[in-house]
Amino acid sequence: MKLTSTPKQDGFTFPAEFSPVSDVWLAWPERKDNWRDNALPAQQNFAQIANAIAKVVSVYVAVSKAQYAHALTLLDDTVNVVLMSYNDAWMRDIGPTVVTNKLGQKRGVSWQFNAWGGVFNGLYDDWSDDDRVAQSVCEYSGIDYYQAPFVLEGGAIHTDGEGTLYTTKECLLSPGRNPQLSMTQIEEGLKDYLGIEKVIWLTHGLYSDETDGHIDNLIHVIAPAKVVLSWTDDEHDPQYCRSRQTLQELSEQTDAKGRRIEVIKLPLPGPLKYRKEEVQSILAKSGMIRCEGERLSASYANFLMVNRHIFLPQFEEKNDRKAVEILSLALPEYEIISLPSREVLLGGGNIHCITQHIPA
């Protein structure tokens, strides 16, 4: 049921990703203008990720009628396959953000979605099915939902579950999202629909991120007042100054509880770029032009935390092992599950981007 109040009015707040999780949702890739070779390599990669997560928690995969039978051949029997209409497979951004109250009740938040920029710089023209996915997931899951009156994607926000929200100005203040709203108005909207107390605004996201700097490629909140930050020591890398500016901004602020924020540096892979064979079979279309040599928005911070497990992107790259070691030291009680995910990366995101968790 669609509610007319707000989560803040009803006593609901946005829990942290490291809180208990009951379900994880994905959507099946099939766009020929975003996924190479008729999306077959991406489908195999998505299935590998979904099957791995399903060993830890209940997994649901939204699939179109055209792809339903094929998806069943790649997904394990433990994965729930759900018929649903959508435009592309970024469930973090199109699925609901689920809030909870002190009684453990759950409600969804459906944000307005416009393909990361609408007519200004959106990645595709028709996003109408994507804009209905959050409602569809809530209805399927049997939870009520709120319809937020502004554009937002789930990958643009991280929380500590204790009143603090992290986001970037590059994304939320981009001209293609809510040009009619000021930064103060957007912040009030976030407080109303997420029940949070403080927004920490970071200036930039990850360099070359076509989502206009989603927070989930830049940092990941792994505990209260504790984040990992995408980092490079290469002074010639365009991300060098961005990461240092982010570190300074985090060091100069406290969270909603007044705590200093601990920052753990997580090295970037690469930089990684599109290969010739990876762009030749993508259907060329304005909005999502893929070119040989173009930099990919690769980041180890784009992982999923589920019930003391971390599903970590791997790229067959020199920093893969280093990322595992850093996260193992930072979160010794977690099991790190490394998953190859270059095919997901080729579409513009990674494991966190293609998953949306539902709090327990």
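Please read these numbers as outputs of a predicted model, since none were measured by experiment.

Visitor: Explain the nonpolar core here, please?
Guide: One recurring pattern in soluble globular proteins: nonpolar side chains tend to sit buried together. Grouped together as the largest cluster of nonpolar side chains are 55 residues, with contacts concentrated most on V61, L75 and F311. The leading source of residues in this core is helix α2 (residues 40–53), at 7 residues. Setting aside residues no more than four positions away along its own chain, V61 makes contact with L26, A27, W28, A50, L75, V79, N80, V81 and V82. The next biggest cluster of nonpolar side chains, apart from the first, holds 25 residues, and it includes I222, A330, L331 and I336.

Visitor: How should the packing of aromatic side chains be read in this particular structure?
Guide: Per the stated rule, a full pass over the model turns up 10 aromatic pairs. Note on W35 and F46: the rings are 5.5 Å apart at their centroids and 85 degrees apart in plane angle, and the pair reads as edge-to-face. With W35 in the loop between β2 (21–27) and α2 and F46 in helix α2, this residue pair connects regions lying 11 residues apart in the sequence. With a relative accessible area of 1%, W35 lands in the buried category.

Visitor: Honestly, the side chain of S341 in this entry has me stumped. Any pointers?
Guide: When you line up the elements, S341 lands in the loop between β16 (335–340) and α12 (342–346). Since its relative accessible area comes to 0%, S341 is described here as buried. In this structure the side chain of S341 is engaged in a polar contact, spanning 2.7 Å, whose partner is the side chain of N350. Residues within four places of S341 in sequence aside, it is in contact with N45, I49, P313, Q314, F315, N350 and I351.

Visitor: Please clarify how the sheet that holds strand β12 (residues 226–231) should be interpreted in this entry.
Guide: Pairing between the strands of a sheet is mediated by backbone hydrogen bonds and can be parallel or antiparallel. With respect to topology, 3 strands assemble into an open sheet ordered β11-β12-β13, the strand pairing being mixed. Every other strand in the sheet has two partners, leaving β11 (219–223) and β13 (262–267) as the edge strands with one partner each. Taken pair by pair, the neighbouring strands of this sheet meet at an average axis angle of 30 degrees, ignoring direction. The pairing of β12 with β13 spans 6 bridges and is classified as parallel. What sits directly across from V228, in β13, is I264. Across the face of the sheet, helix α9 (residues 239–251) comes into contact with β11, β12 and β13 while running at roughly 160 degrees to β12. Contacts from helix α11 (residues 320–330) reach β11, β12 and β13 within the one sheet, and its direction differs from that of β13 by about 160 degrees.

Cut-offs and rules
Residues numbered from 1 in each chain as written. Predicted model: local features only at pLDDT ≥ 70, side-chain atom pairs only at ≥ 80, totals over all residues. Heavy atoms only, no water. Core = buried A, V, L, I, M, F, W, Y, C linked by side-chain atoms within 4.5 Å. Buried < 20%, exposed > 50% of the residue type's maximum accessible area, 1.4 Å probe, protein only. Helix = DSSP H or I, 4+ residues; strand = E, 2+ residues; numbered from the N terminus. Contact = heavy atoms within 4.5 Å. Phe/Tyr/Trp six-rings, centres within 6.5 Å; stacked < 30°, edge-to-face > 60°. Polar contact = N/O pair within 3.5 Å; in protein donor to acceptor, adjacent residues only side chain to side chain. Pairing = 2+ DSSP bridges. Axes fitted to C-alpha atoms, helices over the stretch in contact; angles between N-to-C directions.

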